[in-house]
Amino acid sequence: MDFSIILSLVGIVISIYTVADQTQKQNIRYKISFLHIIIFILLFIFLIGTLVAVEYYNAVNPSLKVENDYFSLSYTVIASLNSLLILILISILAGYIIFNKKIVKKEKLVRKLKENFYNNSFVQIINSLDYYFDNLNKYYLPEGRKATTRQENLSIIFQNKDNLNKFELAKNYLYNFINKNRINYSTKFDELLQLLFLNENFIEELADRNPYFFVTILESKLQINYKEQFVEKILKYLILENNDLLFFQVNNTNEINIKRDTYKISSENYLIYYLFKDIELANKLKVWKNIGEPALSYLDNVNDQMCLELKTDIYVEEKVGDSVVYNSIKIFDIMIRRALEQNASTFMRLDYYSHFINKIARNYRCNSLDIMCLEKEFLNIYDYSIYQIFYNLISWIKISFNENIDYSIELEQENCEFEGGNIPKASIIIATQSLETIVNRKIRGKLIDKILNLIIDLYFSLELEFNEEAKQYSNVLLNCLHKKNDETKTALKKILNTYDYIPQFNNTDGTRAVRKIKNSFNVR
């Protein structure tokens, strides 16, 4: 018997295996199904059969042929062609099993990944999850097992709907029976994710090696608590430890939609794009917390070096791109503008801005700088960050009244108390709270005056540039300013006395608006 065909088959399979990468090689055993084995056996039997037929016809009568008017083939040639065809089919099947991303024995793969976790083989886990995650996620059942006993269906029982309860029990039992294997697998997968997403070493390895996996998780159908754990850990690491990629994408998100005054987020900046693609999901994942807390932690651990590191000939704007504080502030700006654009009614803890101001003001130590430096518009990164916070807060208020933005929320009261997801009112409250903080902390006077001018500009914008609803928010602004201490009011009166009112007097309703704010604070 000629064994060259079999040797060729072995050579082709070895070649295919050699070309495969390490992840594909390691997981071959989890991709071979019972059907694959049956097909392999049948093809191999046919191959042996054709080889035997070739030998038989060569020995008995090599001249035997199949003939008609169009062609003439000997049985030996036909058997050889069959052998070649089977060889090709076996090679294709071997290549398919090695290179495809479908895992047949998912539960066993998950068990193996769990062993890798305990062996600290994080690279193997990352490679396997990245390559096969779509298939693993497709088979995953987020809801898991459904209740099948009366005790597990208390909510239905308490409604005294026994017939409905029996129907639900039967339906749940059938669901569990049909999906038994998927439920078992999903439970094991849940256990693996719980281990991985709470392990800082795994998160660090993943963020360094494959940050795009962040997108895979956000787009998956995993339970929200797993996504939240993952986002919390990886954002903390990407902000405080390995922040080059995240900060690059933040600083690369600068293009503004002129009509909407919101950011155009390119999918190339995938961390930002997918994080805020759906603002409701971002809120459920508590992105505001996972951005805010690392920044506050950073401010707790830094000294006044942030102030003193800049010389008079260095522009602050050139330094902020690497700043944890500034980039966290900008991520909030991207998030809130997207929330306004999507008409989100969720409350995303804008008060992190006031916490940033408190920490920055506490750390603010710039008394030792050269007097010439004090003439600069922004003395340091802290100065620039403080200004940017107020600028963003005021921008959000104005954007909420932009006619090209479909943002609508009813103002319940003109007081100085938060109202759920009311972004413009929350922004006013935080802006006035933060103003009082920087005045009390004796932040540089030139910066305070600049911010007070921004706030007065906001008041006139609400009074004169937008609809009647905006005037209600100008009342909120005045009410919040009145609640501040005497020192803050004194600083405000000083600016009101020197403010340029000429542009307002050119407006038909400007005289009334000017008189309103002046009378409110007893300024002539």
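Residues numbered from 1 in each chain as written. Predicted model: local features only at pLDDT ≥ 70, side-chain atom pairs only at ≥ 80, totals over all residues. Heavy atoms only, no water.

Some thoughts on the state of the cysteines
What is meant by a disulfide is a covalent connection between two cysteines, made through their sulfur atoms. All chains considered together, the criterion is met by 1 disulfide. Two residues share a disulfide in this structure: Cys416 and Cys480, whose sulfurs sit 2.2 Å from each other. Because the torsion about its S-S bond is 115°, the bridge between Cys416 and Cys480 counts as right-handed. Taken as a pair, Cys416 in the loop between helix 20 (381-399) and helix 21 (423-440) and Cys480 in helix 23 (residues 468-482) lie far apart in primary sequence, 64 residues in all. (Disulfide = S-S within 2.5 Å. Helix = DSSP H or I, 4+ residues; strand = E, 2+ residues; numbered from the N terminus.)

With respect to the packing of helix 5 (residues 106-118) against helix 9 (residues 180-197)
At a minimum axis separation of 9 Å, helix 5 and helix 9 run at an interaxial angle of 20°. With respect to helix 9, the axis of helix 5 lies roughly parallel. In this structure, the crossing between helix 5 and helix 9 has a hand that is left-handed. Within the contact between the two elements, helix 5 uses Lys106, Glu107, Val110, Leu113, Lys114, Phe117 and Tyr118 and helix 9 uses Asn184, Tyr185, Lys188, Phe189, Glu191, Leu192, Leu195 and Leu196. The class makeup of the residues in the contact of helix 5 with helix 9 is 9 nonpolar, 1 polar and 5 charged. (Axes fitted to C-alpha atoms, helices over the stretch in contact; angles between N-to-C directions. Parallel < 35°, antiparallel > 145°, perpendicular 65-115°, else oblique. Left-handed = near helix turned anticlockwise from the far one by under 90°. Contact = heavy atoms within 4.5 Å. Nonpolar A, V, L, I, M, F, W, Y, C, P; charged D, E, K, R; others polar.)

Topic: a nonpolar patch on the surface
Side chains of Phe34, Ile37, Ile38, Ile41, Leu42, Ile45 and Phe46 sit close together on the surface and give an oily, nonpolar patch of about 690 Å² of accessible area. Turning to its location among the elements, Ile37 is positioned in helix 3 (residues 34-60). (Patch = residues over 30% accessible without salt bridge, like charges linked within 9 Å, V, L, I, M, F, W, Y side chains within 5 Å. Areas by Shrake-Rupley, 256 points an atom, 1.4 Å probe, with all protein chains shown as cover. Salt bridge = Lys/Arg side-chain N within 4 Å of Asp/Glu carboxyl O.)

Structural notes on the pattern of salt bridges
What the rule picks out here adds up to 21 salt bridges. For the salt bridge of Lys277 with Glu219, the shortest nitrogen-to-oxygen distance reads 3.6 Å. One end of the pair, Lys277, is in the loop between helix 14 (270-275) and helix 15 (279-284); the other, Glu219, is in helix 11 (residues 213-219), with 58 residues separating them in the sequence. Residue Lys277 is classed as partly exposed on the basis of its relative accessible area, which comes to 39%. Notably, a salt bridge pairs Asp351 with Arg349, separated by 2.8 Å at the nearest N-O pair. Owing to a relative accessible area of 16%, Asp351 belongs among the buried residues under this scheme. The exposure class of Arg349 is partly exposed, given its relative accessible area of 27%. Linked by salt bridges that have partners in common, Glu463, Glu468, Lys471, Asp509, Arg512 and Lys516 make up one network. (Buried < 20%, exposed > 50% of the residue type's maximum accessible area, 1.4 Å probe, protein only.)

Thoughts on the confidence of the model for the protein
In this model, the protein carries a mean pLDDT of 83, and residues with pLDDT of at least 70 account for 85%. Per-residue pLDDT, averaged within each element of the protein, yields its smallest value for helix 17 (residues 305-308) (48) and its largest for helix 21 (94). Note on residues 307-313: pLDDT is under 50 here. Beyond four places in sequence and across chains, it has 19 contacts. Low pLDDT, under 50, characterises residues 368-372; the stretch is placed with 4 contacts to residues that sit more than four places away or in other chains. (pLDDT = per-residue confidence, 0-100.)

Focus: helix 24 (residues 486-498)
Residues lying three or four places apart along an α-helix face the same way, a consequence of the helix completing one turn every 3.6 residues. Under the 1.5 Å per step criterion, the end-to-end length of helix 24 is 19 Å for 13 residues, consistent within 8% with the ideal 18 Å. For helix 24, every residue scored as buried is listed here: Thr488, Ala491, Leu492, Ile495 and Leu496. Seen from one end, helix 24 has its buried residues packed into an arc of 140°, which puts them on one side. More than 90 degrees from the buried face of helix 24, the exposed residues found are Asp486, Thr490, Asn497 and Thr498. Its buried side turned inward, helix 24 meets helix 21, helix 22 (445-464), helix 23 and helix 26 (510-520). (Expected span 1.5 Å × (residues − 1). Arc of directions from axis to C-beta.)

Re the packing of aromatic side chains
Across all of its chains, the model carries 29 aromatic pairs by this definition. With a centroid separation of 5.6 Å and an interplanar angle of 70°, the aromatic rings of Tyr140 and Phe189 are classed as edge-to-face. Residue Tyr140 is located in the loop between helix 6 (122-139) and helix 7 (154-157), and its partner Phe189 is located in helix 9; the two are separated by 49 residues in the primary sequence. Note on accessibility: Tyr140 and Phe189 belong to one class, buried. Considering the side-chain rings of Phe332 and Tyr352, the 6.1 Å spacing of their centres and the 40° angle between planes classify their relative orientation as tilted. (Phe/Tyr/Trp six-rings, centres within 6.5 Å; stacked < 30°, edge-to-face > 60°.)

What about the nonpolar core?
Core analysis: the largest hydrophobic core is formed by 141 residues, its most contacted members being Leu129, Phe189, Phe202, Phe276, Ile386 and Phe460. Core analysis: the next-biggest nonpolar cluster, separate from the first, contains 6 residues, Ile16, Ala20, Ile28 and Ile97 among them. (Core = buried A, V, L, I, M, F, W, Y, C linked by side-chain atoms within 4.5 Å.)

Remarks on unusual backbone geometry
With phi around 60°, Asn120 is a residue other than glycine that occupies positive phi space. Mapping Asn120 onto the fold places it in the loop between helix 5 and helix 6. We note that Asn343 has phi near 55°; this positive angle belongs to a residue other than glycine. Inspection of the secondary structure assignment puts Asn343 in the loop between helix 18 (324-341) and helix 19 (352-363).

Focus: helix 13 (residues 244-251)
Inspection of helix 13 places Leu246, Phe247, Gln249 and Val250 among the buried residues, and these make up the whole buried set. Within helix 13, the buried residues cover an arc of 160° as seen down the axis, which keeps them to one side. Exposed side chains of helix 13 directed beyond 90 degrees from the buried face belong to Asp244 and Phe248. Buried positions along helix 13 lie against helix 12 (224-240), helix 14 and helix 18.

A few points about the side chain of Gln388
Structurally, Gln388 can be placed in helix 20. The contacts of Gln388, once residues within four sequence positions are left out, are Tyr326 and Ile329.

Describing the environment of Phe247
With respect to the helices, strands and loops of the structure, Phe247 is situated in helix 13. Sequence spacing of Phe247 and Ile272 is 25 residues, and the spatial spacing of their C-alpha atoms is 9.9 Å. With near-sequence residues (within four places) excluded, Phe247 lies in contact with Ile239, Gly321, Asp322, Ser323, Val324 and Asn327.

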